[in-house]
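A structural walkthrough
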Amino acid sequence: MSGKVFLIGAGPGDPELLTLRALRMLQQADVVVYDRLVSDDILALHADAAQLIPVGKAPKCHTVPQDRINEILLEQARAGHNVARLKGGDPMVFGRGSEEAAYLIARGVAVEYAPGITAAQGASSSTGVPLTHRGLATSVQFVTGHRQADKVLDLDWKRLADPDSTVVIYMGVANIGQIAMGLMTENLPGSTPVLAVSNATTPDECRLLSRLDRIATDARTAALRAPTLFIIGSVVSLYAQQPLARVLEQSHG
């Protein structure tokens, strides 16, 4: 008799941000298939007898290809196990959760979902920078800063360069220079404030305050590494430095 797969969003790292639904599913699972960015504190909440299977990916280092991850989930479910597919953030926001779900459903495996707090929300809450704010931003755009197989970014720069919108860049460390240039080419001012947040909501969180025309240089100087999120827009002007996180660099403008 086939088991089922729980597609669980683990949130940005702080275990207190895990939903009750996600916790229940995790503790009901016989097998936990987890990504690299799932924090140790959250992983420790699994049932004592659960089997743990790491399938994490790092930039340019996919030790377990996506096709093999799909197969592992299918094999474990067909063996009669309840499988927790544990992903950082929300599995439906740049998490390939929908791809895995489609693969499983097409093969007769039941899938249940537990949404997670995505990194943008986590960074917003830990830094106090809102994603929308009356008079500053009436919308927010979530954008991936990385293409599969390192393809050239073909983003809609004109749409993104909206001064009344907040742009949040996921997975953008390697391409932040190209992203900044694309936005400025469409007349988003170089003085637009940018806040980079690494390891949001965790004890290792650090922040880099900059501006659009300097973020590439500042990010390189600070040696920012994934996972880092970039919040671009007027809302960053509301950022007030807090002593709970390490600030790597302060804008001079």
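In short, a report on the structure. These numbers come from a predicted model, not from an experiment.

**Some details on the environment of G95**
With respect to the element layout, G95 can be found in the loop between β4 (83–87) and α4 (97–105). Once the C-alpha coordinates of G95 and Y239 are considered, the two residues, 144 residues apart in sequence, prove to be 28 Å apart. Once residues lying within four places of it in the same chain are set aside, the contact partners of G95 are K87 and D90.

**Details of the packing of aromatic side chains**
The final tally for this structure, using the stated rule, is 2 aromatic pairs. Through successive ring pairs, a cluster of aromatic residues spans F94, F142 and Y170. A cation sits over an aromatic face here: R107 above Y103, 3.7 Å from the ring centre.

**Some details on a nonpolar patch on the surface**
There is a patch of nonpolar side chains on the surface, built from F94, V140, F142 and M171 and spanning about 330 Å² of accessible area. Among the secondary structure elements, M171 is positioned in the loop between β7 (165–170) and α7 (176–185). Judged by relative accessible area, M171 falls into the partly exposed class, the value being 44%.

**Considering the sheet that holds strand β3 (residues 51–54)**
Reading across the sheet, the 5 strands line up as β3-β2-β4-β1-β5 and stay open at both edges, with parallel pairing between neighbours. Edge positions in the sheet fall to β3 and β5 (110–114), since each has one partner strand and no second. Averaged over neighbouring strand pairs, the angle between their axes works out to 20 degrees when direction is ignored. Bridge analysis of strand β2 (residues 31–34) against β4 gives 4 bridges, and the strand direction is parallel.

**Looking at the pattern of salt bridges**
Taken as a whole and judged by the stated rule, the model has 12 salt bridges. Notably, a salt bridge pairs E99 with R96, separated by 3.1 Å at the nearest N-O pair. Judged by relative accessible area, E99 falls into the partly exposed class, the value being 41%. Here R96 falls in the partly exposed class, since its relative accessible area comes to 30%. Put simply, D35, R85, K87 and E100 are held in one network by salt bridges that share partners.

**Side note on the pairing of β2**
The alternating pattern of β2 places V31 and V33 and V32 and Y34 on opposite faces, both of which are buried. Here β2 pairs with β3 via 4 bridges, running parallel. When the bridges of β3 are listed, V33 appears paired with I53.

**Some details on the nonpolar core**
Grouped together as the largest cluster of nonpolar side chains are 22 residues, with contacts concentrated most on L183, F230 and I232. If you list the elements that add at least two residues to this core, you get α6 (157–160), β7, α7, β8 (193–198), α8 (215–222) and β10 (228–232). Per element, the largest residue contribution to this core is 4 residues, and it comes from α7. For I232, the contacting residues outside a window of four places in its chain are S165, T166, V167, I169, L183, L188, T192, P193, V194 and L212. Judged by nonpolar contacts, the second largest core, of 18 residues, contains L74, A101, V109 and V111.

**Describing helix α1 (residues 20–28)**
Taken together, the buried positions of α1 are A22, M25 and L26. The arc enclosing the buried residues of α1, seen along the axis, measures out at 100 degrees, which places them on a common side. Where α1 is buried, its residues meet β1 (4–9), β2, α2 (40–43), β4 and β5.

**Here's the deal with α4**
Restricting attention to buried positions, one finds in α4 the residues G97, E100, A101, Y103 and L104. The buried residues of α4 occupy an angular sector of 160 degrees when the element is viewed end-on, so they sit on one face.

**Some thoughts on the packing of α7 against α8**
Look at α7 against α8: their axes get within 8 Å of each other, and the N-to-C directions meet at 165 degrees. It follows that α7 is roughly antiparallel to α8 by the angle criterion. Like other packed secondary-structure pairs, α7 and α8 cross with a definite hand, here right-handed. Two secondary-structure elements touch here, α7 through I176, G177 and A180 and α8 through I215, A216 and A219. Looking at the contact of α7 with α8, its residues break down into 5 nonpolar, 1 polar and no charged.

**Examining the packing of helix α3 (residues 66–78) against α4**
Working note: a packed helix pair is described by the angle between its axes plus the distance between those axes. Following both chains from N to C, one finds α3 and α4 inclined at 50 degrees, their axes separated by 10 Å at the closest point. Relative to α4, α3 is oriented oblique. Two packed elements cross with a definite hand, and for α3 against α4 that hand is right-handed. Residue-level contacts link Q66, I69, N70, E71, L73 and L74 of α3 to E100, Y103 and L104 of α4.

The rules we used
Residues numbered from 1 in each chain as written. Predicted model: local features only at pLDDT ≥ 70, side-chain atom pairs only at ≥ 80, totals over all residues. Heavy atoms only, no water. Helix = DSSP H or I, 4+ residues; strand = E, 2+ residues; numbered from the N terminus. Contact = heavy atoms within 4.5 Å. Phe/Tyr/Trp six-rings, centres within 6.5 Å; stacked < 30°, edge-to-face > 60°. Lys NZ or Arg CZ within 6 Å of the ring centre and 35° of its normal. Patch = residues over 30% accessible without salt bridge, like charges linked within 9 Å, V, L, I, M, F, W, Y side chains within 5 Å. Areas by Shrake-Rupley, 256 points an atom, 1.4 Å probe, with all protein chains shown as cover. Salt bridge = Lys/Arg side-chain N within 4 Å of Asp/Glu carboxyl O. Buried < 20%, exposed > 50% of the residue type's maximum accessible area, 1.4 Å probe, protein only. Pairing = 2+ DSSP bridges. Axes fitted to C-alpha atoms, helices over the stretch in contact; angles between N-to-C directions. Core = buried A, V, L, I, M, F, W, Y, C linked by side-chain atoms within 4.5 Å. Arc of directions from axis to C-beta. Parallel < 35°, antiparallel > 145°, perpendicular 65-115°, else oblique. Left-handed = near helix turned anticlockwise from the far one by under 90°. Nonpolar A, V, L, I, M, F, W, Y, C, P; charged D, E, K, R; others polar.

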